[in-house]
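Coordinate analysis (summary)
The residues making up each chain are set out below.
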Protein chains: 2
Amino acid sequence: MTPKPNSFGPLSGIRILEIGHYIAAPFCTRILGDLGAEIIKIEPPAGDPARDWGAKQNDRSLWWSVHARNKRSVAIDIKSPEGLEAVQKVIASCDALVENLRPGALARLGLSYEVLETLRPGLVVAHISGYGQNGPERDRAAFGVIGEAIGGLRYLTDHPQGTSDLPPVRVGVSLGDSVAGLYAAIGVLAQLLGRAENKSASCHVVDVALTESVLSLMEDMLPAYGALGQIKKPTGARISTAAPTSAYPTRDGRWLLIAANSDLLFGRLMALIGRDDFASDPELSTNSGRVAQADRLDAAIAEWTRQHDANDAARIVAEADIPSTLIYTAAEIVADPQFQARGMIRKVTDAEQGTVLHPGIVPHLPDCPGAIRFAGQNLGQDTDDVLREFAHMTAQEIGRLRSEKVIT
Amino acid sequence: MTPKPNSFGPLSGIRILEIGHYIAAPFCTRILGDLGAEIIKIEPPAGDPARDWGAKQNDRSLWWSVHARNKRSVAIDIKSPEGLEAVQKVIASCDALVENLRPGALARLGLSYEVLETLRPGLVVAHISGYGQNGPERDRAAFGVIGEAIGGLRYLTDHPQGTSDLPPVRVGVSLGDSVAGLYAAIGVLAQLLGRAENKSASCHVVDVALTESVLSLMEDMLPAYGALGQIKKPTGARISTAAPTSAYPTRDGRWLLIAANSDLLFGRLMALIGRDDFASDPELSTNSGRVAQADRLDAAIAEWTRQHDANDAARIVAEADIPSTLIYTAAEIVADPQFQARGMIRKVTDAEQGTVLHPGIVPHLPDCPGAIRFAGQNLGQDTDDVLREFAHMTAQEIGRLRSEKVIT
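Model, not experiment: these values are computed from the prediction. (Residues numbered from 1 in each chain as written. Chains lettered and ligands numbered in written order. Predicted model: local features only at pLDDT ≥ 70, side-chain atom pairs only at ≥ 80, totals over all residues. Heavy atoms only, no water.)

**A short note on the interface of chain B and chain A**
Opposite the 136 residues of chain B that make contact, chain A presents 135 residues. Both faces combined, the contact of chain B with chain A buries some 11400 Å², and carbon together with sulfur accounts for 70% of it. Interface area lost by chain B to chain A is led by Arg 170, Glu 219 and Arg 342 of chain B, which between them contribute 6%. Counting across the interface, chain B meets chain A through four salt bridges. Residue Arg 342 of chain A is joined to Glu 212 of chain B by a salt bridge in which the shortest nitrogen-to-oxygen separation is 2.7 Å. At the junction of chain B and chain A, the tally comes to 36 residue pairs in polar contact (both at pLDDT 80 or more). Grouping the constituent residues of the side of chain B that touches chain A by class yields 83 nonpolar, 35 polar and 18 charged. (Contact = heavy atoms within 4.5 Å. Buried area = accessible area lost by both parts, 1.4 Å probe. Salt bridge = Lys/Arg side-chain N within 4 Å of Asp/Glu carboxyl O. Polar contact = N/O pair within 3.5 Å; in protein donor to acceptor, adjacent residues only side chain to side chain. Nonpolar A, V, L, I, M, F, W, Y, C, P; charged D, E, K, R; others polar.)

Rendered as structure tokens:
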């Protein structure tokens, strides 16, 4: 690819085709697009169903503005011979293809590895699926929440057994999908790097499973089970290895996280809440002693936090230099001076929605930070331009596709 | 770097220095090492404190076997002039440096950008910190749990307001740290790719904040707040937009996740649990109608699941082709035929621990999958070899460093 200046991120000059829907593959390409890659998103004529998700303004998804940013939208019936042919021509100009259809669907559409290698030797092909491209469960239906349960995260996102009759909670976002998207981005970039060293005509394949992406984050779960038969267990708002560190209720119904889990911090916190008796209790002078009496300590701390509103409690504890934080909602996030200073709260001009708040670009690359070039596009907004530029189609040919309803 | 065959992953030939501790930077380099990069981990003479974390066998951390796999351990006092000089020589042979010290600490150690650019023009330098390398809060203490709270995840990991007096739970692993590590890996790879196109003598910097890594995953939280003033709220085991989909209690005290949130799946589930009255109720024939009566539906489904042990209930629901899963603990994960078939449950020979169960490599790259070349090393196991090979030190010079306690 022709190198371009890094004014738009280190990946400018790289072109990626997305045949994706919902979250996982689109999140992968959004991150790569943020860092400068050109993303061409192939949608069916009815569009990605995620265009209808989440909170809406003027009956349009606000999330779409973020989720599809920096992506050119091509709406095309890839199941028709003419649509397939057009997409194949676009692929010939791409460095990578990212998809999250059901395993095998890409090949059934007419985009097997053999075809892809002929179109674009050395194409990086990244698949994201629930369980992976092979194995006895590969064809099973998958959602992020199922990946989180099979990968071990859901079990740990709970209070200790017996605390409550309520079920373990979801993590509140489709984390399994997004984390799989991050692993796919790593795979795409690694394969592009490796390909620069090892030019081959074969596809360079990335195969990400939601379940495996989650399992990869589970710290000592597998080794502890394998060696000791220990099942890693949920610990609620605490951790099993140190105390006191938990969430404490404030007078105005919020929670303050305090991590006073060292000898020094413990003493400082006990002085602050007026419990010199605890501070001087020899049984509480070690971490293991404090872990053994975590209930008693947490009750005493909660008695103090309940006397204060959240902002006051947070300020007092922070001034004592004890690691702590309120639990942020959207309101605190948007007002936070650090997020503001770091460009993480961006007012983006959205052609349809006016101004939309977007998160900034992660990772931050100070010398070539990438840009939010444009917000999520209308369906098929770029079909004609992409077909002209990469499928080398004339206006007449494009018109014929439109009259045959291959494109909208 | 000299290209090597891809038998060990697409990143073989790339060398990365880690000055890291705890989770975030070490997790980044573990993922890159899994894909073939050579990782040199610089530890203080006392070692990374994470060597003492998690479940233990023979008084040694089992997690260390996984967390430090594929990394060469150099134990050196980098605060001494001789130690700094030795590390600087090693850096001259590296492609990237990944660190998670406090912001500014790397420069204070003697490794400013000016020094790094002289040692290794174009070095990729990746920082991971709580809040980022600049801004009013950059010096504040950070943990993964604090990053999760400030990034918005903790608030959403809860039952709906008013359901319970219990605090919102942690996600059970240090997700903020691990996700920051993934974003840092993306940044390192993107900068290495960009550098291939744009050779410059300057450092190529990656600046990852835990808080921002978490915020980047928050879906419609920011746009919904900015446009509508809506605060994205926790929904417990459900989701706000469809029903029925939740966690249901089984007779033997476990939970079965069932996602029957389409007209077709709803009908199938109601037939299965013997509630034809619900299946034929016109008020439950649409998703919005079902959402409005989610409590009633969930109670009926729970009445059915409570009559069965978990494995039976799961089997019956799966046979009816309704998306569902048990919530896996370590035991189910290790026994799972799909994880087994995919190589995600690996018995790794650990020189100290015998056989340790490791998670496999994610992302899976079928043509060049990388390898678990060796498990987490003893402290300083590779000091001499690394100093010989990259600092070009003789045995006498190394001996002198040892007698001066610069190395152990």
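**Considering the sheet that holds strand β9 (residues 245–249) of chain B**
All names here are of chain B. Overall, antiparallel pairing links the three strands, which are arranged β9-β10-β11 in an open sheet. Every interior strand has two partners, whereas the edge strands, β9 and β11 (324–326), have only one. Neighbour to neighbour, the strand axes of the sheet diverge by 20 degrees on average, direction disregarded. When β9 meets strand β10 (residues 255–259), the two strands line up antiparallel, connected through five bridges. Note on β10: the bridge partner recorded for Ser 246 is Ile 258. (Pairing = 2+ DSSP bridges. Helix = DSSP H or I, 4+ residues; strand = E, 2+ residues; numbered from the N terminus. Axes fitted to C-alpha atoms, helices over the stretch in contact; angles between N-to-C directions.)

**Overview of the pattern of salt bridges**
All names here are of chain A. For the structure shown, the criterion picks out 58 salt bridges over all chains. Between Lys 71 and Glu 18 there is a salt bridge, and its shortest N-O distance comes to 2.8 Å. Taken together, the positions of Lys 71 in strand β5 (residues 71–75) and Glu 18 in strand β1 (residues 15–19) put the pair 53 residues apart, joining distant regions of the chain. The two residues Lys 71 and Glu 18 agree in class, both being buried. (Buried < 20%, exposed > 50% of the residue type's maximum accessible area, 1.4 Å probe, protein only.)

**Some details on the relation of the copies chain B and chain A**
Relating one copy of the chain to the other requires a rotation about an axis plus a shift along that axis. The two copies are related by a screw operation: chain B maps onto chain A through 180 degrees of rotation and 0.0 Å of translation along the axis, at an RMSD of 0.0 Å. Classification of the inter-copy transformation places it as that of a two-fold axis. (Least-squares fit on C-alpha atoms with pLDDT ≥ 70 in both.)

**Here's the deal with the domain arrangement of chain A**
Domain annotation of chain A identifies domain 1 (15–216 + 339–403) and domain 2 (245–249 + 255–326). Relative placement of domain 1 of chain A and domain 2 of chain A: their C-alpha centres are 44 Å apart. (Domains from an automatic or database assignment.)

**Points about unusual backbone geometry**
Residues and elements named next belong to chain A. Here the amide bond leading from Val 362 into Pro 363 is cis, since omega sits at 0 degrees, within 30 degrees of zero. Residue placement: Pro 363 occurs in the loop between β13 (354–359) and α18 (383–390). Positive phi, normally seen in glycine, also occurs at Asn 58, with a value near 50 degrees. Within the secondary structure layout, Asn 58 lies in the loop between β3 (56–57) and β4 (60–61). On the basis of relative accessibility, which here comes to 60%, the residue Asn 58 falls in the exposed class.

**Concerning helix α8 (residues 175–197) of chain B**
The first and last C-alpha atoms of α8 of chain B sit 33 Å apart over 23 residues, in line with the 33 Å expected at 1.5 Å per residue. Burial analysis of α8 of chain B places 21 of its 23 residues in the buried class, the great majority of the element. (Expected span 1.5 Å × (residues − 1).)

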